[in-house]
Amino acid sequence: MGMRCRVQQLENGAIRIMCGPDPKTLCEVSGCDEDHLALCDYPVADGKTCDKRMCEAHRTRAGSNIDYCPDHRAAAA
């Protein structure tokens with residue numbers, strides 16, 4: 001899991017360090033806390049794709065470099 005730490009200077013001069021999962025690296029399927037490894041390739045508009053981040057468990061492989069998220073799995077079939 002991707003971890004990220006942030007350093008915050010407090011008003012009283014103290015420093016706080018907070019660490020946790022980096023939301024930019026996590027699967028975007030609700031309730032999942034795994035790192036993503038694919039983006040959804042389902043076309044949405046104007047040549048753009050969904051690009052939802054997905055982990056291995058939530059992606060559906062449709063080709064050598066084509067993956068669909070759970071939201072677009074049925075529509076792509």
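Computed from a predicted model, the values in this text were never measured in an experiment.

S.K.: Residues and numbers for the pairing of strand E7 (residues 60-63), please.
M.R.: The pairing of E7 with strand E8 (residues 66-68) spans three bridges and is antiparallel. The residue bridging Arg-61 from the neighbouring strand is Asp-67, located in E8. A loop of two residues connects E7 with E8, the two strands running antiparallel in sequence.

S.K.: Before we move on, can you summarise the nonpolar core with the specific residues and values?
M.R.: Most often, soluble globular proteins have nonpolar side chains that are buried together. Ranked by size, the top nonpolar core spans five residues in total: Ala-38, Cys-40, Met-54, Tyr-68 and Cys-69. Dropping the residues within four chain positions of it, Tyr-68 is found in contact with Cys-40, Asp-41, Tyr-42, Met-54, His-58, Arg-59, Thr-60, Ala-62, Arg-73 and Ala-76.

S.K.: Give me the lowdown on the environment of Thr-60, citing residues and values where you can.
M.R.: If you trace the backbone, Thr-60 turns up in strand E7. Judged by relative accessible area, which is 24%, Thr-60 ranks as partly exposed. Each C-alpha atom of the pair Thr-60 and Val-7 lies 38 Å from the other, and the pair is 53 residues apart in sequence. The contact partners of Thr-60, leaving out residues within four places of it in the chain, are Ile-66, Asp-67, Tyr-68 and Arg-73. A distance of 2.5 Å separates the side chain of Thr-60 from the side chain of Arg-73, its partner in a polar contact.

Scoring rules and cut-offs
- Residues numbered from 1 in each chain as written.
- Predicted model: local features only at pLDDT ≥ 70, side-chain atom pairs only at ≥ 80, totals over all residues.
- Heavy atoms only, no water.
- Pairing = 2+ DSSP bridges.
- Helix = DSSP H or I, 4+ residues; strand = E, 2+ residues; numbered from the N terminus.
- Core = buried A, V, L, I, M, F, W, Y, C linked by side-chain atoms within 4.5 Å.
- Buried < 20%, exposed > 50% of the residue type's maximum accessible area, 1.4 Å probe, protein only.
- Contact = heavy atoms within 4.5 Å.
- Polar contact = N/O pair within 3.5 Å; in protein donor to acceptor, adjacent residues only side chain to side chain.

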